[in-house]
Amino acid sequence: MALPSAITKQERLLTVNINDAIEFAGSEPGSTIIPLFLDRENGVWVLYGKFEPGTTLPPHFHTGTVHFFTTKGEWNYAEYPQDPQTAGSYLYEPGGSVHTFSVPADAKEAAEGFMVVYGANVIFDGEEYRSVRDAGAIEDSILAAVTRGERPMPMYIRPKGGADFSK
């Protein structure tokens, strides 16, 4: 079999380096994100997150799966204190699960990690619905911060997408 011709041509590799990237405020105080890939049409978002000691995210329901690789520090889900995540841990979260992300207040450094999320996180305050966080909501918050002049436009990968008729 012959090597196939490229169907999708690239002039350059689609690559982002977190060391050159722009951080944005995360969904909660004590958290920041670096957008790497945001695909609102397919509901996929890839972020590098940083979470300071003592940071707790509200309970959230995952509509899809999550892959999280911890690169620094430590954190755990309040629901699973016996399973702390430390540098080098890879975590798979099934769709339909509920978690409360927490970094110990006495942690020696921020917890950091790379996450690939499919679908949305439905966020709660206690038992009450608060909001939805997905690729579109994250991109909207980034673009709003850029428009307000708080940050320059970051470089992240975004599929061109858009529904249209074939030509």
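Residues numbered from 1 in each chain as written. Predicted model: local features only at pLDDT ≥ 70, side-chain atom pairs only at ≥ 80, totals over all residues. Heavy atoms only, no water.

Peer 1: Got a minute to help me understand helix H1 (residues 135–147) in this structure?
Peer 2: With 13 residues, H1 ought to run about 18 Å at 1.5 Å a step, and its terminal C-alpha atoms sit 18 Å apart, in line with that. Taken together, the buried positions of H1 are Ala135, Gly136, Ile138, Glu139, Ile142 and Ala145. Looking at the buried positions of H1, the neighbouring elements they touch are strand S1 (24–25), strand S2 (31–39), strand S3 (44–51) and strand S13 (128–133). Regarding H1, its N-cap is Asp134, as a side-chain oxygen of that residue lies 3.2 Å from the backbone nitrogen of Gly136 further along. (Helix = DSSP H or I, 4+ residues; strand = E, 2+ residues; numbered from the N terminus. Expected span 1.5 Å × (residues − 1). Buried < 20%, exposed > 50% of the residue type's maximum accessible area, 1.4 Å probe, protein only. Contact = heavy atoms within 4.5 Å. Polar contact = N/O pair within 3.5 Å; in protein donor to acceptor, adjacent residues only side chain to side chain.)

Peer 1: Which parts of the structure should I look at to understand the environment of Tyr92?
Peer 2: Structurally, the position occupied by Tyr92 is in strand S8 (residues 90–93). Through-space distance from the C-alpha of Tyr92 to that of Thr65 is 7.4 Å; in sequence the pair is 27 residues apart. Every residue in contact with Tyr92, bar those within four places of it in the chain, is listed here: Thr65, Val66 and His67.

Peer 1: I tried to follow a nonpolar patch on the surface on my own but got confused; where do I start?
Peer 2: Taken together, the side chains of Phe69, Tyr90, Tyr92 and Phe114 present a nonpolar region at the surface, about 410 Å² in accessible area. Tyr92 gets classed as partly exposed once you look at its relative accessible area, which sits at 42%. (Patch = residues over 30% accessible without salt bridge, like charges linked within 9 Å, V, L, I, M, F, W, Y side chains within 5 Å. Areas by Shrake-Rupley, 256 points an atom, 1.4 Å probe, with all protein chains shown as cover. Salt bridge = Lys/Arg side-chain N within 4 Å of Asp/Glu carboxyl O.)

Peer 1: Please clarify how the pattern of salt bridges should be interpreted in this entry.
Peer 2: Should the charged atoms of two oppositely charged side chains come close, the side chains can pair. On inspection of all chains with the given rule, the structure shows seven salt bridges. Taking the shortest distance from any N to any O, the salt bridge between Lys50 and Glu23 comes out at 2.6 Å. With Lys50 in strand S3 and Glu23 in the segment before S1, the pair connects residues that are 27 residues apart, well separated along the chain. Accessibility expressed as a relative area gives 27% for Glu23, which makes it partly exposed.

Peer 1: How should the pairing of S8 be read in this particular structure?
Peer 2: Within a regular beta strand, the side chains point alternately toward one face of the sheet and then the other, so they alternate between its two faces. Only one face of S8 is covered, namely the one carrying Leu91 and Glu93; the face carrying Tyr90 and Tyr92 has none of its residues buried. Across four bridges, strand S5 (residues 66–72) lies against S8 in antiparallel orientation. Each residue of the ladder has a partner; that of Phe68, found in S8, is Leu91. (Pairing = 2+ DSSP bridges.)

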